[in-house]
Amino acid sequence: QVQLVESGGGLVQPGGSLRLSCAASGFTFSSYAMSWYRQAPGKERELVAGITSTGGSTNYADSVKGRFTISRDNAKNTVYLQMNSLKPEDTAVYYCKAVFRYRYWGQGTQVTVSS
C-alpha cells in the first residue's frame, strides 16, 4: 500500500537546524512531484517547498527562502527538507505530499522551535 513516512522532527533552539525526511513506498516515486507543507496550531496548512519529479526545479514559500532546501533521492524514494536558521514561527507539523496521477499525504512530523 502507499506510504509516506516523515521523520526527523523534534525540538530545536532558535537558529538551529533540522533535516526532515519523507520515505515513500507503494507507488512510482520518481514520477511524482513532491512537496513539504506545514500546519501550525490554529492556522491553515501552507506550502513550504516543492520539487519536480526529476529534482530539476524547486520552489519555496517566501518565509523560508534562503533558509530551507528541498531535495530528493529517487534511488532511495526519499525527499528531504533541510531547515536552517530556524525561527519560533517555523513551529508546526510538517507533512510531505506526492502529486501526479493521485495525491498522497504523510502523517506529519512535529517541529518545535523554542528556547
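As shown above, the structure is provided for reference.
Residues numbered from 1 in each chain as written. Predicted model: local features only at pLDDT ≥ 70, side-chain atom pairs only at ≥ 80, totals over all residues. Heavy atoms only, no water.

Student: Can you help me understand the nonpolar core in this one?
Tutor: Nonpolar side chains in soluble globular proteins tend to be buried together. Ranked by internal contacts, the top residues of the largest apolar core, which has 29 residues, are Leu4, Met34, Trp36, Leu81, Met83 and Tyr94. Sorting the residues of this core by element identifies β3 (18-25), β4 (33-39), β5 (46-51), β7 (68-73), β8 (78-83), β9 (92-99) and β11 (109-113) as the ones contributing at least two each. (Core = buried A, V, L, I, M, F, W, Y, C linked by side-chain atoms within 4.5 Å. Buried < 20%, exposed > 50% of the residue type's maximum accessible area, 1.4 Å probe, protein only. Helix = DSSP H or I, 4+ residues; strand = E, 2+ residues; numbered from the N terminus.)

Student: I would appreciate a short explanation of the pattern of salt bridges in the present structure.
Tutor: Where charged atoms from two side chains of opposite charge come close, those side chains can pair. A complete count under the given rule lists four salt bridges for this structure. We note a salt bridge from Asp90 to Arg38, for which the minimum N-O separation is 2.9 Å. Remark: Arg38 occurs in strand β4 and Asp90 occurs in the loop between β8 and β9; sequence separation between them is 52 residues. Classification of Asp90 by relative accessible area gives buried; the value is 0%. A salt bridge links Lys65 to Asp62; the shortest N-O distance between them is 3.2 Å. (Salt bridge = Lys/Arg side-chain N within 4 Å of Asp/Glu carboxyl O.)

Student: Looking at this structure, how should I read the side chain of Lys97?
Tutor: Residue position: Lys97 is located in strand β9. Put simply, Lys97 is tucked away with no salt bridge, and the nearest opposite charge, on Glu6, sits 12 Å away. When near neighbours in sequence (up to four residues on either side) are disregarded, Lys97 contacts Leu4, Ala33, Met34, Ser35, Tyr37, Arg103, Tyr104 and Trp105. (Lys, Arg positive; Asp, Glu negative; His and termini not counted. Contact = heavy atoms within 4.5 Å.)

Student: How should the sheet that holds β7 be read in this particular structure?
Tutor: As summarised here, the arrangement of the four strands in space is β1-β3-β8-β7, forming an open sheet in which the pairing is antiparallel. Edge strands, defined here as strands with exactly one partner in the open sheet, are β1 (3-7) and β7. Pairs of neighbouring strands in the sheet enclose a mean axial angle of 15°, with direction left out of account. (Pairing = 2+ DSSP bridges. Axes fitted to C-alpha atoms, helices over the stretch in contact; angles between N-to-C directions.)

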